[in-house]
Amino acid sequence: IRATAVAAMRQFAVTHPREAVGIARMALSDSEGDVQAQALQVLGDTDIELLRAYIPRAANGELRAIAQDLVQLAEQRGASLQGDSATGVLSRETSDGFRITFTPVHHWPNWGAGYGTARIERNGTLLQTLEGVEAVAGVVPVFLSPDARHVVYERDRSIVVRAMSDGSERVVGPGIAPRPRPFTDDFVFVRERPDAAEEQRNETRLRYDVFTAPFDPPGVIEPTLLGSASATVTFARYGNYSPVRWMKVEERSGSFYLTSSHMEIVTLPDPFG
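Please read these numbers as outputs of a predicted model, since none were measured by experiment.

Draft legend 1. The arrangement of the overall build of the chain in detail. Within the chain one finds 6 helices and 16 strands. Relative to its length of 273 residues, the chain is compact, with a C-alpha radius of gyration of 19 Å against a globular reference of 19 Å. Projected onto the principal axes, the alpha-carbon positions of the chain cover approximately 55 × 50 × 45 Å. Classification of the 273 residues of the chain by burial places 49% in the buried group. Residue pairs at least 24 apart in sequence account for 41% of intrachain contacts in the chain once pairs closer than 6 positions are excluded. Accessible surface, the chain as shown: approximately 13300 Å² in total, 49% of it carbon and sulfur. Distance between charge centroids for the chain: 2 Å, based on 28 positive and 35 negative side chains.

Draft legend 2. Looking closely at unusual backbone geometry. A positive phi angle, close to 55 degrees, is found at N123, a residue other than glycine. Relative to the elements of secondary structure, N123 occurs in the loop between β3 (113–122) and β4 (125–136). One non-glycine residue, N240, lies in positive phi territory at about 75 degrees.

Draft legend 3. Highlighting the side chain of K248. Here K248 lies in strand β14 (residues 248–252). Buried K248, no salt bridge; nearest opposite-charge side chain is E250, N-O distance 4.2 Å. Once you skip the residues sitting within four places of it in the chain, K248 turns out to touch D45, T46, D47, R77, G78, A79, R179, Y257, L258 and T259.

Draft legend 4. Spatial organisation of the nonpolar core. Judged by nonpolar contacts, the single largest core of 25 residues is most densely connected at L28, L40 and Y54. When sequence neighbours within four positions are dropped, the list of residues in contact with L28 reads Q36, A39, L40, L43, L50, Y54 and R57.

Draft legend 5. The packing of helix α3 (residues 17–27) against helix α4 (residues 33–43), seen in detail. Where α3 contacts α4, the two axes come as close as 8 Å, and the packing angle between them is 145 degrees. As for how α3 packs across α4, the hand of that crossing is left-handed. Here α3 contributes A20, V21, A24, R25 and A27 to the contact with α4, which in turn contributes V35, Q36, A39, V42 and L43.

Draft legend 6. Highlighting the sheet that holds strand β5 (residues 142–144). Read from one edge to the other, the open sheet built from 4 strands follows the order β5-β6-β7-β8, with strand pairing classed as antiparallel. Two strands lie at the open edges of the sheet, namely β5 and β8 (169–174), each paired on one side alone. Across this sheet, the average inter-strand angle for adjacent strands is 20 degrees, counted without regard to direction. As judged from the 3 bridges shared by β5 and strand β6 (residues 150–155), these two strands associate in the antiparallel manner. Following the sheet pairing, F143 is matched in β6 by V152.

Draft legend 7. Quick look at α3. Looking only at α3, the buried set comprises A20, V21, A24 and A27. Along the axis of α3, the buried residues cluster in a sector spanning 115 degrees; they form a single face. Exposed side chains of α3 directed beyond 90 degrees from the buried face belong to R18 and M26.

Draft legend 8. Layout of a nonpolar patch on the surface. A cluster of nonpolar side chains, namely W108, W111 and F235, defines an oily patch on the protein surface of about 320 Å² accessible area. The topology assignment puts W108 in strand β2 (residues 98–108).

Draft legend 9. Structural detail: the packing of α4 against helix α6 (residues 61–76). Following both chains from N to C, one finds α4 and α6 inclined at 15 degrees, their axes separated by 11 Å at the closest point. The orientation of α4 with respect to α6, classified from their angle, is roughly parallel. In this structure, α4 crosses over α6, and the sense of that crossing is left-handed. On α6, the residues touching G33, Q36, A37 and L40 of α4 are L63, I66, A67 and L70. Grouping the constituent residues of the contact of α4 with α6 by class yields 6 nonpolar, 2 polar and no charged.

Draft legend 10. Region of the structure containing the pattern of salt bridges. Applying the stated rule across the entire model yields 18 salt bridges. Between D47 and R25 there is a salt bridge, with its nearest N and O atoms 2.9 Å apart. Remark: R25 occurs in helix α3 and D47 occurs in the loop between α4 and α5 (48–54); sequence separation between them is 22 residues. When its relative accessible area of 39% is taken as the criterion, R25 is described as partly exposed. Taken together, the salt bridges that share partners define one network made up of E134, E154, R157 and R245.

Definitions and limits used
- Residues numbered from 1 in each chain as written.
- Predicted model: local features only at pLDDT ≥ 70, side-chain atom pairs only at ≥ 80, totals over all residues.
- Heavy atoms only, no water.
- Helix = DSSP H or I, 4+ residues; strand = E, 2+ residues; numbered from the N terminus.
- Rg over C-alpha atoms; globule rule 2.2 N^0.38 Å.
- Buried < 20%, exposed > 50% of the residue type's maximum accessible area, 1.4 Å probe, protein only.
- Contact = heavy atoms within 4.5 Å.
- Areas by Shrake-Rupley, 256 points an atom, 1.4 Å probe, with all protein chains shown as cover.
- Lys, Arg positive; Asp, Glu negative; His and termini not counted.
- Charge placed at Lys NZ, Arg CZ, Asp CG, Glu CD.
- Salt bridge = Lys/Arg side-chain N within 4 Å of Asp/Glu carboxyl O.
- Core = buried A, V, L, I, M, F, W, Y, C linked by side-chain atoms within 4.5 Å.
- Axes fitted to C-alpha atoms, helices over the stretch in contact; angles between N-to-C directions.
- Left-handed = near helix turned anticlockwise from the far one by under 90°.
- Pairing = 2+ DSSP bridges.
- Arc of directions from axis to C-beta.
- Patch = residues over 30% accessible without salt bridge, like charges linked within 9 Å, V, L, I, M, F, W, Y side chains within 5 Å.
- Parallel < 35°, antiparallel > 145°, perpendicular 65-115°, else oblique.
- Nonpolar A, V, L, I, M, F, W, Y, C, P; charged D, E, K, R; others polar.

The structure is reproduced here in structure tokens:
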């Protein structure tokens, strides 16, 4: 009965996502594996910290593996990584064995930020070294294309696509926070509109244009405008860094969104439509 009730939350999540996820969180602590399995289906990769806490206590090996896969998927879509707070080093591994490691040259732990180098390796072999990468809130803005032939990254507040084979680059233009678009060969990023910043009492509202672009078009990469978004910044939260820095691509009932705390949700185009 409990498992059936939790399974019903998948439909409830469309209209009341917060309540449905709250019930799934409680169900993940249920003693029965069937109830936990249904909770994982409802949660998906929406609450990575909850999944990380669940993994070491999961008695069922199959459910533990599912939770680990969900964590890895969330990290590949922009979720914050667990890193070394003392050094600022961050690392993640993709499902096909690529490891991306960020090592800061400059590290500001009070702001959760660092500026430095990202290395891409596979099977112990260094493939690419990316300079000028800025990581905030545990997110390294470096993402591989689905076929791993290209990598998109943010370098000095610009979006760059590099070929993994020879290191050749195409600069897309100004922008931050690139993220892959699931089930497509495209990525998204945002570009701030400085003229639209709005000072409020204790924070500032920033506005962004949201773009998408292909990893490997025949010629110049020309981004397409998807829409706009807003986010609020304050010095008390990551030293005035914008929430777009820790946004992730989130799936909800078959649709995909850009989500973050203190940021307007952005609906992404249907990859199958």
